[in-house]
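So you can see what is in the structure, the chains are spelled out below.
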Amino acid sequence: MLLKDKSGIVFGVANKRSIAFACARSASAQGAKLILTYQGERLEKATRELADSLPNEAIAIKCDVSSEAALDEAFEQIEGFMPKLNFGVHSIAFAPREELDGRFADTSREGWNTALDVSAYSFTSIARRLDTLMPDGGSLVTMTYFGSEKVMPHYNVMGPAKAALESSVRYLAADLGPRNIRVNAVSAGPLRTLAASGVSGFSQFLDIAREKSPLRRNTSPDEVGDATVFLASDLSRGITGTTLWVDCGYHIMAL
Ligand SMILES: NC(=O)c1ccc[n+]([C@@H]2O[C@H](COP(=O)([O-])OP(=O)(O)OC[C@H]3O[C@@H](n4cnc5c(N)ncnc54)[C@H](O)[C@@H]3O)[C@@H](O)[C@H]2O)c1
């Protein structure tokens, strides 16, 4: 029970395949009390049902990260339910579908702004708010992908978005470290989720990762959830500002 007596929030549940839900499952199994967030009304019923299916107490709250006003509103509710938090997991990304096909060179200004805003800036905005709810310190974790470092076909604008997110992890870790708040990223191998299905030709990512990774298989959502629990728990108390690879080792291979 690594998270017994701990309270946490997991942002970005869309359905049962969401990495956010895998993190919630792992955290709940380790004793955490949870808030799950979903983007909008369309996802409310499914997210409430998923929260109810967890072994420990969990509730669902709407949180759209694309405006400060919507974030303020969500955090008012969050504070009402849990005035003190121990960990937060950010598992949110978005780029318009047309940006995830064709050439990166054709990325539109609007597509770039949306992708970087929702997928990278939202983590900083959330971290700033969580900081005030973590008087005893805490742990923040976000989800990233290898496309931040290497070119993946059609991942396009999400590459710079994840690079910005990973850099934000380091700057936030430096700012929040003196308050004993740790900030890390998990770099997951490709997983079949709603967000992933937006990337043209995504099945190829799975096939190649299975064929080439040292463990010769794809990463499972539970592996990402469990690694996130490690980063959220006191077991990782000396680790901040880093990226933990949960990709069956794929990132070490050149060919
Ligand atoms: N699936 C993969 O292969 C993979 C690999 C590495 C990292 N990741 C990352 O994991 C995270 C979760 O993605 P996923 O694969 O579980 O897909 P997902 O579609 O289940 O989750 C993405 C979430 O982002 C939310 N979201 C998008 N715009 C939002 C907004 N404006 N406000 C609030 N929420 C918003 C969606 O509602 C959804 O819940 C993302 O950061 C993604 O880049 C995914």
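What you are looking at is a predicted structure, and each value in this text was computed from that prediction instead of being measured.

1. Some points on the nonpolar core
Part 1 of the reasoning: Val-10, Val-13, Ala-20, Ala-24, Leu-34, Leu-36 and Val-186 are the most contacted members of the largest nonpolar core, which has 74 residues in total.
Part 2 of the reasoning: The residues touching Val-186, leaving out its near neighbours within four places in the chain, are Val-141, Met-143, Val-224, Ala-227, Thr-228, Leu-231, Leu-244 and Val-246.

2. Here we look at the packing of helix H4 (residues 109–132) against helix H5 (residues 158–176)
Part 1 of the reasoning: Here H4 crosses H5 at 15 degrees, and the two axes come no closer than 8 Å. The angle between the axes of H4 and H5 places the two elements in the roughly parallel class. Of the two elements, H4 crosses H5, and the hand of that crossing is right-handed. Contacts between H4 and H5 pair Ala-115, Leu-116, Ser-119, Ala-120, Phe-123, Thr-124, Ala-127 and Asp-131 from the former with Met-158, Pro-160, Ala-161, Ala-164, Leu-165, Ser-168, Leu-172 and Leu-176 from the latter.

3. Focus: the sheet that holds strand E6 (residues 181–188)
Part 1 of the reasoning: Overall, parallel pairing links the seven strands, which are arranged E3-E2-E1-E4-E5-E6-E7 in an open sheet. The open sheet has two edge strands with one neighbour each: strand E3 (58–62) and strand E7 (243–246). Put simply, the sheet's adjacent strands are angled 20 degrees from each other on average, direction ignored.
Part 2 of the reasoning: As paired strands, strand E1 (residues 7–11) and strand E4 (residues 87–90) are joined by four bridges and run parallel to one another. Within E4, the residue paired with Ile-9 across the bridge is Gly-88.
Part 3 of the reasoning: In this fold helix H2 (residues 44–52) packs onto strand E2 (33–38) and E3, with an angle of close to 160 degrees to the strand it touches most, E3.
Part 4 of the reasoning: Here helix H8 (residues 221–232) sits on the sheet and contacts E1, E4, strand E5 (138–144), E6 and E7; the angle it forms with E6, its principal contact strand, is near 165 degrees.

So, how was this worked out
- Residues numbered from 1 in each chain as written.
- Predicted model: local features only at pLDDT ≥ 70, side-chain atom pairs only at ≥ 80, totals over all residues.
- Core = buried A, V, L, I, M, F, W, Y, C linked by C-beta atoms within 7 Å.
- Buried ≥ 20, exposed ≤ 12 C-beta atoms within 10 Å, placed from the backbone.
- Contact = placed C-beta atoms within 7 Å.
- Axes fitted to C-alpha atoms, helices over the stretch in contact; angles between N-to-C directions.
- Helix = DSSP H or I, 4+ residues; strand = E, 2+ residues; numbered from the N terminus.
- Parallel < 35°, antiparallel > 145°, perpendicular 65-115°, else oblique.
- Left-handed = near helix turned anticlockwise from the far one by under 90°.
- Pairing = 2+ DSSP bridges.

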